[in-house]
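# Report on the structure
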Amino acid sequence: MKTDIEIQKDVMDELKWEPLLSASEIGVAVKQGIVTLSGTVDTYSKKEEAENAAKRVSGVKAVAEDIEVKPFSSTIKNDTELARMVTDSLKWHSAVQEEKIKIKVEDAWITLEGSVDWEYQREAIKTAVKNLSGVKGISNLISVKPSTTTKDVKQKISLAFHRSATVDAGKIDVEIRDNKAILSGRVRSWAEKNDAENAAWKAPGITSIENKLIIDTEVFAY
């Protein structure tokens, strides 16, 4: 079991490992396995990448993210300009049906609404706009309304776990309620927890996931 000091060091090293980030901009505090990130970055994508980097570190139970986005003065856009940039970005993205998406920009914060058939499309829309200069934050309110049935979803998810090199399928249970997948059991790290959730999202018909997986390194010790 890692100590908080060991986790803090590993998180800081992971931040340094990311070429997009400057570790000196981000503060890291750890208490009982819960990581708090603080500081200031100039783009929303850096804020998101810092959070993802912390979640990849083994021993991390949760991440409290308190990083503020302050774009450089030369990249600051007014809301009208930013809305136009978002619209143009979605038009050029092959996985996005931009006519189904509504965009709102207020104080450089983008709100996305509408519906898509698959979760990957929902994430693709966020990816298409998160790297735009001047963006301070994103609220992704797009819903997933699939046109496929969910009859064999549980089997598909279980098979996906068995194919994965990073997920121990034997320690994860899957329950399907309507279009919702409920994952329970124990995993070795936050990365494995995320990998299991990402695999479940790829199943047809899934519109939401309740990830109840518990990070517990001791249960895997021999």
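Report follows, based on the coordinates. Just so you know, the residues in each chain are numbered from 1, in the order the chain's sequence is written. A pLDDT threshold of at least 70 governs which residues receive local features in this predicted model, and a stricter bar of 80 or more applies before side-chain atom pairs are shown or counted, although totals over entire chains, interfaces and linings include all residues. Based on all heavy atoms of the structure, the side-chain values leave hydrogens and waters out of the count.

## Quick word on the pairing of strand E8 (residues 172-177)
For clarity, the cut-off: Strand pairing is defined by DSSP finding a minimum of two bridges between the two strands. Put simply, DSSP H or I for four residues or longer makes a helix, DSSP E for two residues or longer makes a strand, and each gets a number counted from the N terminus.
Direction of pairing for E8 relative to strand E9 (residues 180-187): antiparallel, over a ladder of six bridges. In the strand pairing of E9, Asp173 is matched with Ser184. Between E8 and E9, which pair antiparallel and follow one another directly, the connecting turn spans two residues, one of which, Asp178, has a positive phi of 55 degrees.

## A few points about the sheet that holds strand E3 (residues 62-69)
The strands that make up a sheet pair up through hydrogen bonds in the backbone, lying either parallel or antiparallel. Our working definition: Fitting a line to C-alpha atoms yields each axis, with helices limited to the stretch in contact; the angle taken between N-to-C directions then spans 0 to 180 degrees. By definition in these notes, contact holds between two residues if any of their heavy atoms fall within 4.5 Å.
Taken in spatial order, the three strands line up as E1-E2-E3 in an open sheet, and their pairing is mixed. A single partner strand is all that each edge strand has here, and the edge strands are strand E1 (26-31) and E3. Strand after strand, the sheet turns through a mean of 10 degrees between neighbouring axes, direction not considered. In the packing of helix H1 (residues 4-17) onto the sheet, the strands contacted are E1 and strand E2 (34-41), and the crossing angle to E1 comes to about 155 degrees.

## Quick notes on the pairing of E9
Selection criterion: Throughout, right-handed denotes a crossover for which the path from the first strand over the helix to the second runs clockwise when the strands point away from the viewer.
Note that E9 and strand E10 (residues 208-211) share four bridges and pair parallel. Bridge pairing links Leu183 to Asn211 in E10. Handedness of the crossover joining E9 and E10 through helix H6 (residues 190-201): right-handed. In the sheet, E9 pairs with strand E11 (residues 214-215) via two bridges, with the strands oriented parallel. The residue bridging Arg186 from the neighbouring strand is Ile214, located in E11.

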